Amino acid sequence: MGVAIEVTDLNAWYGTNHTLQSISLKIPANHATALIGPSGCGKSTFVRCLNRMHETNPIARVTGTVRVGPTDIYAQSSPVEIRRRIGMVFQRPNPFPTMSIYDNVASGLRLNGYRNRKILDEVVERSLQQAALWDEVKSDLKKKSGASLSGGQQQRLCIARALAVDPEVMLMDEPASALDPVSTAKIEDLIFQLKSQYTIVIVTHNMQQAARVAENTGFFLNGKLVEFDATHKIFTNPTDKRTEDYITGRFG
Amino acid sequence: MATTLMPPPLRARNSNRVLRVLMNHLATAAAVGSTILVMAPLIAIFGYLLYKGASSLNLAFFTQIPKPVGEPGGGMANSILGSGILLAIASLMGVPIGIAGGIYIAEFGRNKRLANMVRFTADVLNGVPSIVMGIAIYTLIVVPQKHFSALAGGVALGIMMIPTITRTTEEMLLMVPLNVREAALGLGVPNWRSVLSITLRTASPGVITGCMLAFARVAGETAPLLFTAFGNQFWSTSANEPIAALPLQIFVYAISPYDEWHRLAWAGALVLIVLIVVSVALVRYVAGRGVLKGAS
Amino acid sequence: MTQRPESSASGGADPSPSPVRTYLLNCGSSALADRAFGALMLVCALSIFFGSAWDPVNGNFGALPFIYGTVVSSILALIIAVPLAVGVAIFLTEMCPDWLRGFLAFFTELLAAIPSVVYGLWAVFVLIPLLRQYVNPVLIKTLGWTGIFAPPNYGIGMFAAGVILSIMILPIISSLTREVMSAVPHAQREAVLALGATRWEMIRMGVLRNARIGIVGAVILGLGRALGETMAVTMVIGNRPEIARSLLAPAYSMASVIANEFTEASDELYLSALVEIGLALFIVTIIVNALARVLVWAVTRGAPVRGT
């Protein structure tokens, strides 16, 4: 089951660049939350702060608190367990090209020391079914490499891979922006089904997408969180003028 | 979707966690350890060479030829001159052919089969043992002429320069930005003309330093000279006689039993190293600046 | 009728037909005789690689000791150099602070450019005494029971050749490994980290695994360089054409015998034998280098390789 995320006064810097300024919000459990905003507004940086992936950049720095469920994720020094509990899917699908489909999905499990063939088989099948990919690949699990699938299938493979390690949260950074409309629709259906079991945060450029899949939406602008509310309210009756300008296409 | 959920242990597999953290630290230690294990002795070798060479170097080294065995003093002036002559012959041959080859595969042959083959051949030829090159030139030049000569040595070295110069020229030419070439073509300049006067000129610092790199590499080669230039204890400037070369004489002196010759060998090694360091530093400097930024 | 096999591989037409050829000519058609003669010459030419006695004075040209010397010294060099080179590459690519990386990378490039004869010079006056006094006695004491490290301990020998070769090929293997590791897209590293992996796991699964073909290519390139290395090896290998079990015994390599004896080859046959060894060396290094280039190219997509 998913957990709620509570962010308090989050600030982020890349070097001297103050990328995020005093972000505070509560992301509810077992819902999908969309983050929208123009390019460079900081929404991707924000999401990467949620599983400490921004730390892969040596000049990145963060202050503030991020609580995932009961855990303050910045309290401990090692981000390894945090990243297992908070899965991430990237903009461009990045399956491991040297591994088969089976091995791709099982990779996270193997990292955690699981060797039992039966357990691995079970989890791989379950994850691929959750990602709506099972039927398409079940006969080629070990024969085809992860990179030999189509773009949409690769992205679902990445989703399955992330689901296999049993996360509580799924972060998706523009997961469908590199895909064709049919694959995009499949991913959106997936999000719909997954949100009852996980907390989903999805960054998107596509406002219609946000309206379709998310119960709540946050609007970012220039590193600040301008407005965060129920999706239908954001899109029909936003409180802030800047939000309204963005929604109606006056900029961005 | 109602499947058997994950066995709870995944969320709290602590025994495995300790092992993973340990492996991480071990791997870091191994990588750092290898670096220290490798770099420290290498730096020591370098330092020792500089020290030993510097303490053996004096003015006579550059001005005198070796004294007869047993007498102290003397220098390797004839070897330095000999190396200079050999490298001049080598460059006369290697530089034009190498640059021409580089221009061809960069400008006129892109994606063509022939160009790929030339590129591949150049890379592979780079790895041919230099002594085999010596045998080849021995058969082609020394045997018909019936004597060793500077010409033979120069040709051997020249052929060895070609692959390096070809590849570096290609690399530097490919780095000239597209808009520079397009500007020339837009003016109505024919392709070959644009290549020569504009693209080549833009890339020329890089091309020149590529030649320097090949030059420095070949300056240290000994094996191909063993039976082409052969070596000479005295002054010689003729292209038709055996000639001394710096690396060749270093070899002869190093394996000899005379201390005085050992001293000369160390000094000669220092001269070679200085040449190498200057060339490598220059190449990196040029490759990192100006229009060719981002090469290294 | 003496049957003296014609084995002048470098020579031109025979001035007088050999008895073997005359006999074959008389037996059947001249085409058959030609082909049979050619086959016989090939067999004789290749026979040099199966003899283990190199005794030019008495006309014995067995090149096996040189093949043994070249192969064993190169493999020894790989065993020492590869783990260290890959370790250095991992450190420089994934763990090294930026300010240090530039210096170490420059230094590595420098070392790859130092001439063989200078390495040989250092080996003769520094490495050999070091091995003889400190390293070899320890090896004899601990591993002497295997017979691989057995007295007498001269310092020079197969082991010394392996060590100096490893020092010489290390920079190249390391630089190339670094290059193929850097060619692995950043997205792969992030994919592994996002699953909850330690840094070593990220390196292992996200980088090394993707770069492994190129790393193999780098190793093979190092092998190619070691096989053809002449001067440094000649100065430390001992120049004794014998196959010995102990690595501390003097040995001889293909390139070394050519370097040492080419100008002293007294007759046509002697010279031809040396040239044939050279030809074999040539063919082997061409194959090895071609293989290496193909593997590295597959990972770095044909970009020119710097510094080699």
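Focus on the overall build of chain B
Phase 1: The helix and strand inventory of chain B stands at ten helices and zero strands.
Phase 2: Taking 296 residues into account, the globule formula puts the C-alpha radius of gyration at 19 Å, and chain B, at 26 Å, lies well above it.
Phase 3: Viewed in the frame of its principal axes, chain B has a C-alpha envelope of about 95 × 60 × 35 Å.
Phase 4: For chain B, the residues scored as buried account for 48% of the 296 residues in total.

Quick look at the overall build of chain A
Phase 1: A tally of helices and strands in chain A yields ten helices and ten strands.
Phase 2: Overall, the C-alpha framework of chain A stretches about 55 × 40 × 30 Å when taken along its three principal axes.
Phase 3: The long-range share in chain A, meaning contacts at least 24 apart out of those at least 6 apart in sequence, stands at 70%.

Re the packing of helix α3 (residues 64–95) of chain C against helix α8 (residues 199–228) of chain C
All names here are of chain C.
Phase 1: Remark: α3 packs on α8, axes separated minimally by 10 Å, with the N-to-C direction vectors making an angle of 145°. The way α3 lies across α8 gives a crossing that is right-handed. In contact with Thr-70, Ser-74, Ala-77, Leu-78, Ala-81, Val-82, Val-86, Ile-90 and Glu-94 of α3, α8 contributes Ile-203, Ile-215, Val-219, Gly-222, Leu-223, Ala-226 and Leu-227.
Phase 2: Split into classes, the residues belonging to the contact of α3 with α8 amount to twelve nonpolar, three polar and one charged.

A closer look at α8(C)
Phase 1: Here α8(C) spans only 38 Å end to end across 30 residues, well under the 44 Å set by a 1.5 Å rise per residue.
Phase 2: Maximal helix bending in α8(C) amounts to about 60°, located at C:Arg212.

Describing the confidence of the model for chain B
Residue and element names in this part refer to chain B.
Phase 1: For chain B, the mean per-residue pLDDT works out to 82, and 91% of the residues sit at or above 70.
Phase 2: Across chain B, the element-wise mean pLDDT spans from 77 in helix α7 (residues 178–186) up to 92 in helix α9 (residues 246–254).
Phase 3: Counting interchain partners and residues more than four positions distant, the pLDDT-below-50 stretch residues 1–9 has seven contacts.
Phase 4: Considering only residues more than four positions removed or in separate chains, one finds that residues 290–296, a stretch of pLDDT under 50, has 15 contacts.
Phase 5: Interface confidence for the predicted complex, expressed as ipTM, amounts to 0.91; the pTM equals 0.85.

As for the interface of chain B and chain C
Phase 1: Across the boundary between the two partners, chain B contributes 53 residues, which contact 49 residues of chain C.
Phase 2: Mapped by element, the contributors of at least two residues to the side of chain B that touches chain C are α1 (14–56), α4 (113–126), α5 (130–145), α6 (150–174), α8 (191–219), α9 and α10 (259–287) of chain B.
Phase 3: It is α1(B) that provides the largest number of residues to the side of chain B that touches chain C, a total of 18 residues.
Phase 4: Classifying every residue of the side of chain B that touches chain C by side-chain character gives 36 nonpolar, nine polar and eight charged.

Points about the interface of chain C and chain A
Phase 1: Residue-level contacts link 14 residues of chain C with 19 residues of chain A.
Phase 2: If you list the elements that add at least two residues to the side of chain C that touches chain A, you get α7 (186–194) and α8 of chain C.
Phase 3: When residues of the side of chain C that touches chain A are assigned to their parent elements, the largest contribution, six residues, is made by α7(C).
Phase 4: For the side of chain C that touches chain A, the class distribution of residues is seven nonpolar, four polar and three charged.

Looking at helix α6 (residues 151–164) of chain A
Residue and element names in this part refer to chain A.
Phase 1: With 14 residues, α6 should reach 20 Å at 1.5 Å per residue; the first-to-last C-alpha distance of 20 Å fits that figure.
Phase 2: Along α6, 13 of the 14 residues are buried, which leaves the element largely enclosed by surrounding structure.
Phase 3: Immediately beyond the C-terminal end of α6, within one or two residues, lies Asp-166, with a positive phi of roughly 60°.

Side note on the sheet that holds strand β3 (residues 32–36) of chain A
All names here are of chain A.
Phase 1: With mixed pairing, six strands are arranged side by side in an open sheet as β6-β7-β8-β3-β9-β10. Each edge of the sheet is formed by a strand with only one pairing partner; in this case those strands are β6 (86–89) and β10 (224–230). Pairs of neighbouring strands in the sheet enclose a mean axial angle of 15°, with direction left out of account.
Phase 2: Where strand β7 (residues 169–173) meets strand β8 (residues 199–203), five bridges bridge the pair, whose relative direction is parallel. Among the inter-strand pairings, Val-169 is bridged to a residue of β8, identified as Thr-199.

Describing the pairing of strand β4 (residues 60–68) of chain A
Residue and element names in this part refer to chain A.
Phase 1: Sheet topology places strand β1 (residues 5–14) next to β4; eight bridges connect them, and they run antiparallel. Paired with Val-7 across the two strands is Val-66, which belongs to β4.
Phase 2: Of the pairings in the sheet, the one linking β4 to strand β5 (residues 71–72) comprises two bridges and is antiparallel in character. When the sheet's bridge partners are listed, Arg-67 is paired in β5 with Asp-72.
Phase 3: Adjacent in sequence and paired antiparallel, β4 and β5 are bridged by two residues, among which Gly-69 carries a positive phi angle near 65°.

Digging into the pairing of strand β9 (residues 216–221) of chain A
Remark: a regular strand shows side chains that alternate across the two faces of the sheet.
Residue and element names in this part refer to chain A.
Phase 1: Among the six residues that make up β9, six are buried, leaving the element largely enclosed by the rest of the structure.
Phase 2: Of the two faces of β9, the one carrying Asn-216, Gly-218 and Phe-220 and the one carrying Thr-217, Phe-219 and Leu-221 are both buried.
Phase 3: Note: β3 against β9, four bridges, orientation parallel. Pairing of Ala-34 across the sheet is with Thr-217, part of β9.
Phase 4: Sheet analysis places β9 next to β10, joined by six bridges and oriented antiparallel. Within β10, the position partnered with Phe-219 by the bridge is Glu-227.

Concerning the nonpolar core
All names here are of chain C.
Phase 1: By size, the foremost hydrophobic cluster in this structure holds 254 residues, and its most contacted members are Ala-123, Ala-160, Ile-164 and Val-236.
Phase 2: Per element, the largest residue contribution to this core is 16 residues, and it comes from helix α6 (residues 158–182).
Phase 3: Sequence-distant contacts of Ile-164, that is, excluding residues within four places in its chain, are made with Tyr-119, Ala-123, Leu-127, Ala-232 and Val-236.

Let's talk about the packing of α8(C) against helix α11 (residues 268–300) of chain C
Any two packed helices are characterised by the angle at which their axes cross and by the distance between the axes.
Residue and element names in this part refer to chain C.
Phase 1: Between α8 and α11, the least distance of the axes is 8 Å, while the angle of their chain directions is 155°. The pairing of α8 with α11 is recorded here as roughly antiparallel in orientation. Where α8 crosses over α11, the handedness of that crossing is left-handed. Contact residues: Ala-211, Ile-213, Gly-214, Val-216, Gly-217, Ala-218, Ile-220, Leu-221, Leu-223, Gly-224, Leu-227 and Gly-228 in α8; Leu-281, Val-284, Thr-285, Val-288, Asn-289, Leu-291, Ala-292, Leu-295, Val-296, Ala-298, Val-299 and Thr-300 in α11.
Phase 2: Taken together, the residues of the contact of α8 with α11 sort by class into 17 nonpolar, seven polar and no charged.

A few points about the sheet that holds strand β2 (residues 17–27) of chain A
Residues and elements named next belong to chain A.
Phase 1: Across the sheet, four strands lie side by side as β2-β1-β4-β5; this open sheet has antiparallel pairing. Both outer strands of the open sheet, β2 and β5, are each paired with one neighbouring strand and no more.
Phase 2: Across seven bridges, the pairing between β1 and β2 is antiparallel. Counterpart to Ile-5 in the pairing with β2 is Ile-27.

Considerations on the environment of C:Leu76
Residues and elements named next belong to chain C.
Phase 1: With respect to the helices, strands and loops of the structure, Leu-76 is situated in helix α3.
Phase 2: Since 19 C-beta atoms lie within 10 Å of it, Leu-76 is described here as partly exposed.
Phase 3: Remark: the alpha-carbon pair of Leu-76 and Leu-165, spanning 89 residues in sequence, is separated by 8.5 Å.

What about unusual backbone geometry?
Phase 1: Backbone torsion omega between C:Pro151 and C:Pro152 reads 5°, so that peptide bond is classified as cis.
Phase 2: Position of C:Pro152 among the secondary structure elements: in the loop between α5 (116–143) and α6.
Phase 3: At A:Asn222, a residue that is not glycine, the phi angle is positive and equals roughly 50°.
Phase 4: Among the structural elements, A:Asn222 can be located in the loop between β9 and β10.
Phase 5: Positive phi values are uncommon outside glycine, yet C:Asn239 reaches one of about 55°.
Phase 6: Counting through the fold element by element, C:Asn239 comes out in the loop between α9 (231–236) and α10 (254–261).
Phase 7: Note on C:Asn239: 20 C-beta atoms within 10 Å, which makes it buried.

Points about the environment of B:Ile105
All names here are of chain B.
Phase 1: Position of Ile-105 among the secondary structure elements: in helix α3 (residues 77–108).
Phase 2: Exposure remark for Ile-105: the 23 C-beta atoms within 10 Å place this residue in the buried category.
Phase 3: With 14 residues separating them along the chain, Ile-105 and Arg-119 place their C-alpha atoms 7.3 Å apart.
Phase 4: Those residues within four positions of Ile-105 in sequence are excluded, and the remaining contacts are Ala-115, Val-118, Arg-119 and Glu-170.

So, how was this worked out
- Residues numbered from 1 in each chain as written.
- Chains lettered and ligands numbered in written order.
- Predicted model: local features only at pLDDT ≥ 70, side-chain atom pairs only at ≥ 80, totals over all residues.
- Helix = DSSP H or I, 4+ residues; strand = E, 2+ residues; numbered from the N terminus.
- Rg over C-alpha atoms; globule rule 2.2 N^0.38 Å.
- Buried ≥ 20, exposed ≤ 12 C-beta atoms within 10 Å, placed from the backbone.
- Contact = placed C-beta atoms within 7 Å.
- Axes fitted to C-alpha atoms, helices over the stretch in contact; angles between N-to-C directions.
- Left-handed = near helix turned anticlockwise from the far one by under 90°.
- Nonpolar A, V, L, I, M, F, W, Y, C, P; charged D, E, K, R; others polar.
- Expected span 1.5 Å × (residues − 1).
- Bend = angle between axes of the 7 residues up to and from the residue.
- pLDDT = per-residue confidence, 0-100.
- Pairing = 2+ DSSP bridges.
- Core = buried A, V, L, I, M, F, W, Y, C linked by C-beta atoms within 7 Å.
- Parallel < 35°, antiparallel > 145°, perpendicular 65-115°, else oblique.

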